[in-house]
Amino acid sequence: MSTPVLRRGLRTLGMLLITLSAISPASSVFVIAPGVLTGAGSGAFYAFLAAAVVGIFMAFVYAELGSAFPSAGGEYTIAARTLGKLPGFMVLGIMIVTQVLIVAVIALGVGQYLSVVLPGVSPAVVAAVTCVLAAIVAVFDIKLNAWVTGIFLAVELLALAVVAVLGLAKPARPFTDLIAHPVAPGGGPATISAVMIATAIAIFAYNGYGSAVYFGEETKDAGRGVARAVLMGLGVTVLAELIPVTAVLMGAPDLGTLFSSPNMLSYFVQARGGSTLDTVLSLAVALAIINAVLAIVLISSRLVFSSGRDRAWPKAMNRALSAVHPKFGTPWVATLATGFIAAALCFVDPQILTVVTSTSIVVVYAALCLGALLGRRSGATAGAKYRMPGFPIAPVVALIALAFVLYVNATDPVIGRPSLIVTGAIALLALGYYLVVLRRRGGWQLSEAVEEEETAPAPVRETS
């Protein structure tokens, strides 16, 4: 039986559009950034700047590994080929649980921002419908989905541009105040420790640029395309988030009122542009979240498809999940399964969803950093068409930053510490399944890397 293959319908631009849609810069600014402001006050500028530096190092890691292994399985196939099959399967266990949960977590934000036009509608119902509709659209050709997400992304970036203009056109304080005199939410100077803790949140606001690795099989010249999409994705994201956040801190009429507001961005927009503009931007954010749901369904379904193709589950389940649509060339069963399961999870307590998902990405990041280090040493990544500059600085510095984030989570008894425990439990369950089921079955059979198109371009010179 031949290995199921996805259709190569993307170029770098299409991959970049889906990746940016999954990051959803508008959602990060309107939903995640207030958490950074709450912790660091106007020191949030430094927090986002520091998170961008960490993002650069992680982007280098993703770009090299994604260039070496352009597979629909994303992080778990990278870990399996650089660290070994057992660590790779543990990464799969963490990712396959959290990715589907993340779809539900993101979708639940749609109802919050649609409440301005649909008051009284259940957020869970809105989220579930969003997941189902996103899954149906995601079944269609990947090129079509890239353009759909691209159109929505343009609206999202326009909304962020409006926020930036509101703050920068008539600033209430100079930029030098953010640099020289950052203030805490309760008054007084923002402390270095508060900024460092807020940086851990800001790292998650930028997260998602590595999602490009899931579309390697569907992209022409994937070895270069994945690396370009990862690096450009981070660059656009940093600009699209850091500039509006800076504008809010410079343009808010009163920082104390901003930091104490239950909806900081709504306060800022109403103060600078009026309630009508606030309503319009709320709808734009709802659209951005819907777009993010579609993009993350596309990503998650590739992960689920790859796990079935790699025969990680019972035979009948593997056959179904690895099915490719005869017309669209997409993993249609895995896509619908992802959307419908996420829809059901929308009715679970949001606190539980947050606890399960909040730490997993840190563990996966750490596995990739180790994979980059060991992959160079063993020669596993020798085929990469992109090489990170200054190796091994990027993975080493990123590991140090991730260790700090794990420490911050461990000191948080509400979400961080329970999340660490849950992530560890998922990893242990994956370990048990591997040892009891897959090893008895003769081991986990990873699919061979999917070949690029027949005419491969000449290798590029290593980045220095």
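The rules behind each value
Residues numbered from 1 in each chain as written. Predicted model: local features only at pLDDT ≥ 70, side-chain atom pairs only at ≥ 80, totals over all residues. Heavy atoms only, no water. Helix = DSSP H or I, 4+ residues; strand = E, 2+ residues; numbered from the N terminus. Buried < 20%, exposed > 50% of the residue type's maximum accessible area, 1.4 Å probe, protein only. Contact = heavy atoms within 4.5 Å. Areas by Shrake-Rupley, 256 points an atom, 1.4 Å probe, with all protein chains shown as cover. Phe/Tyr/Trp six-rings, centres within 6.5 Å; stacked < 30°, edge-to-face > 60°. Salt bridge = Lys/Arg side-chain N within 4 Å of Asp/Glu carboxyl O. pLDDT = per-residue confidence, 0-100. 1 Å grid on protein atoms, 1.4 Å probe; cavity = no way out; pocket = protein on both sides within 12 Å on 5 of 7 lines; lining within 4 Å. Points joined across faces, edges and corners; volume = space filled by probe spheres on them. Disulfide = S-S within 2.5 Å. Nonpolar A, V, L, I, M, F, W, Y, C, P; charged D, E, K, R; others polar. Patch = residues over 30% accessible without salt bridge, like charges linked within 9 Å, V, L, I, M, F, W, Y side chains within 5 Å.

The name an unreviewed UniProt entry gives the protein chain is APC family permease, with Amycolatopsis halotolerans as the organism.

A. Just the overall build of the protein chain, in detail. Each helix and strand in the protein chain was counted, giving 19 helices and zero strands. Once the C-alpha set of the protein chain is aligned to its principal axes, its extents read approximately 65 × 50 × 45 Å. Counting all 464 residues of the protein chain, 55% fall into the buried class. In the protein chain, 84% of the contacts between residues at least 6 apart in sequence involve partners at least 24 apart. Carbon and sulfur atoms make up 70% of the accessible area of the protein chain, which amounts to about 18300 Å² in all.

B. Region of interest: the packing of aromatic side chains. Under the counting rule described, the total for this entry stands at 12 aromatic pairs. Ring plane angle 75 degrees and centroid distance 5.8 Å describe the contact between Phe-48 and Tyr-206, whose orientation is recorded as edge-to-face. You can see Phe-48 sitting in helix H3 (residues 44-68) and its partner Tyr-206 sitting in helix H9 (residues 192-206), a full 158 residues away along the chain. On the numbers, 6.1 Å between centres and 55 degrees between planes, the contact of Phe-89 with Trp-313 is tilted. On the criterion of sequence distance, the pair formed by Phe-89 in helix H5 (residues 85-114) and Trp-313 in the loop between helix H13 (275-309) and helix H14 (315-321) is long-range, its members being 224 residues apart. Under the relative-accessibility criterion, Phe-89 is labelled buried at 2%. According to the relative accessible area criterion, Trp-313 is buried, its value standing at 14%. Cluster of aromatic residues (ring-pair linked, three or more members): Tyr-76, Phe-89, Trp-313, Tyr-433, Tyr-434 and Trp-444.

C. Representation of the pattern of salt bridges. Under the defined criterion, the tally for this structure stands at seven salt bridges. With a closest N to O distance of 2.8 Å, Arg-376 and Glu-64 form a salt bridge. Taken together, the residues Arg-376 in helix H17 (residues 360-378) and Glu-64 in helix H3 connect sequence positions 312 residues apart. Classification of Arg-376 as partly exposed rests on a relative accessible area of 22%. On the basis of relative accessible area, Glu-64 is assigned to the buried category, the value being 0%. Residues Arg-309 and Glu-217 are paired through a salt bridge, measuring 2.5 Å at the closest nitrogen-oxygen approach. Taken together, the residues span a long stretch of sequence, with Arg-309 in helix H13 and Glu-217 in the loop between H9 and helix H10 (222-251) at a distance of 92 residues. Residue Arg-309 is classed as buried on the basis of its relative accessible area, which comes to 6%. With a relative accessible area of 2%, Glu-217 lands in the buried category. Among the charged side chains, a salt-bridge network with shared partners connects Glu-64, Arg-376 and Arg-387.

D. Fine view of the confidence of the model for the protein chain. In the predicted model, the protein chain carries a mean pLDDT of 91, and 95% of its residues have values of at least 70. Here residues 453-464 is a poorly scored stretch, pLDDT under 50, and it has 17 contacts once near neighbours within four places are set aside; other chains count.

E. A look at helix H4 (residues 75-82). Judged by how many residues are buried, H4 sits mostly within the fold: seven of eight residues are covered. Of the residues making up H4, those classed as buried are Glu-75, Tyr-76, Thr-77, Ile-78, Ala-79, Ala-80 and Thr-82. Contacts from the buried residues of H4 go to H3, H5, H13 and H17. Gly-84 sits one or two positions beyond H4 and adopts a positive phi of about 120 degrees.

F. Seen up close, empty space enclosed by the protein. Under the counting rule described, the total for this entry stands at five cavities of 30 Å³ or more. Taken as a whole, the second largest cavity spans an internal volume of roughly 50 Å³. Taken together, Phe-30, Tyr-113, Asn-263, Leu-265, Ser-266, Val-269, Asp-278, Leu-281 and Ser-282 make up the lining of the second largest cavity.

G. Quick peek at the state of the cysteines. Within the structure shown, the criterion is met by zero disulfides. Just so you know, Cys-346 is unpaired, no disulfide at all, and the nearest cysteine sulfur is the one on Cys-131, 3.8 Å from it.

H. Representation of the layout of surface pockets in the model. Estimated volume of the largest pocket: approximately 1400 Å³. Along the walls of the largest pocket sit 48 residues, with Ile-32, Val-105, Ile-106, Phe-204 and Thr-357 positioned nearest its centre. When residues of the lining of the largest pocket are traced back to their parent elements, those giving at least two are helix H1 (12-23), helix H2 (25-40), H5, H9, H13, helix H16 (350-357), H17 and helix H18 (393-410). In terms of residue class, the lining of the largest pocket is made up of 26 nonpolar, 20 polar and two charged.

I. Representation of a nonpolar patch on the surface. Nonpolar side chains collect at one region of the surface, where Val-125, Val-129, Leu-133, Ile-136, Val-137, Phe-140, Leu-144 and Phe-347 lie side by side and expose about 690 Å² of accessible area between them. In terms of residues, the nonpolar patch owes the most to one element, helix H6 (residues 123-138), which gives five residues. Here Val-137 is to be found in helix H6.

J. Local environment of the environment of Leu-83. Inspection of the secondary structure assignment puts Leu-83 in the loop between H4 and H5. Between the alpha carbons of Leu-83 and Ile-151 there is a distance of 39 Å; along the sequence they are 68 residues apart. Not counting residues up to four positions away in its chain, the partners in contact with Leu-83 are Ala-367, Leu-370, Gly-371 and Leu-374.

K. Local environment of unusual backbone geometry. Of note, the amide linkage connecting Phe-391 to Pro-392 takes the cis form, showing an omega dihedral of 10 degrees. Mapping Pro-392 onto the fold places it in the loop between H17 and H18. You will see that Ser-24, though not glycine, has its phi angle at about 55 degrees, which is positive. Of note, Ser-24 is situated in the loop between H1 and H2.

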